[in-house]
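Given next are the chains, with one letter for each unit.
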Amino acid sequence: MSQLSHIGEDGRARMVDVSDKSSTAREAVAQGFVRMSAATLALAVSGEAAKGDVRAVAEIAGVMAAKKTSDLIPMCHPLALSKVEVRVEPADGGLAVTARVKTTGPTGVEMEALTAVSVACLTLYDMLKAAQKDMVIEAVRLVSKTGGKSGDFAA
């Protein structure tokens, strides 16, 4: 159990104490994909969906989600984010979502980036479900992270 930082020696869940950790620059990038038909993709890219510009709304939803991560994930620390950028771009077979999150602090922003991507993907589904109900949200993953004691990571 001691290998998992959110599990104490007694086996109970806990929020990690980061008060003695140094503040360093941290950045994380996450990606996800919403697979859809060519017709639904064309509708999303056109900006003429019934609910409006789905890409813009999903990008804003992703930014909002990153800022609320500690409200959604129980053991996440509330962080002062210095940058959140969410991009929704057309790709072969659907829409690719990328989030880049930065902060300077004692803990990383991987969960914020993953939350941003997840909520952006869910928002795309919500806004396009009238056109296609069998869309698939897939490949949500951490692509890279920098900073912190564990060092850099690239998928």
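Preceding block: the structure.
Residues numbered from 1 in each chain as written. Predicted model: local features only at pLDDT ≥ 70, side-chain atom pairs only at ≥ 80, totals over all residues. Heavy atoms only, no water.

Now for the pattern of salt bridges. Tallying each qualifying case throughout the model produces eight salt bridges. Two residues, Lys 68 and Asp 71, come together in a salt bridge whose shortest N-O distance is 3.7 Å. Overall, the relative accessible area of 58% leaves Asp 71 in the exposed class. A salt bridge links Glu 85 to Arg 87; its shortest N-O distance comes to 3.0 Å. (Salt bridge = Lys/Arg side-chain N within 4 Å of Asp/Glu carboxyl O. Buried < 20%, exposed > 50% of the residue type's maximum accessible area, 1.4 Å probe, protein only.)

Two cysteines form a disulfide when their sulfur atoms are joined by a covalent bond. What the rule picks out here adds up to zero disulfides. Of all cysteine sulfurs in the structure, the one in Cys 121 sits closest to Cys 76, which takes part in no disulfide; the separation is 18 Å. Under the relative-accessibility criterion, Cys 76 is labelled buried at 12%. According to the relative accessible area criterion, Cys 121 is buried, its value standing at 0%. (Disulfide = S-S within 2.5 Å.)

Here we take up the environment of Cys 76. As for its position among the elements, Cys 76 is in the loop between α3 (69–72) and β2 (81–91). Expressed as a C-alpha distance, the spacing of Cys 76 and Ala 61, which sit 15 residues apart in the sequence, is 19 Å. Not counting residues within four places of it along the chain, the set of residues in contact with Cys 76 comprises Met 15, Thr 69, Ser 70 and Met 111. (Helix = DSSP H or I, 4+ residues; strand = E, 2+ residues; numbered from the N terminus. Contact = heavy atoms within 4.5 Å.)

For the rest of this paragraph, the subject is the pairing of strand β3 (residues 94–105). Note that strand β1 (residues 24–35) and β3 share 12 bridges and pair antiparallel. The residue bridging Ala 30 from the neighbouring strand is Ala 99, located in β3. Examined bridge by bridge, β2 and β3 share 10 bridges and lie antiparallel to one another. Its bridge partner lying in β3, Leu 81 is registered against Thr 103. Counted along the chain from β2 to the antiparallel partner β3, the turn is two residues long, and its residue Gly 93 has a positive phi close to 90 degrees. (Pairing = 2+ DSSP bridges.)

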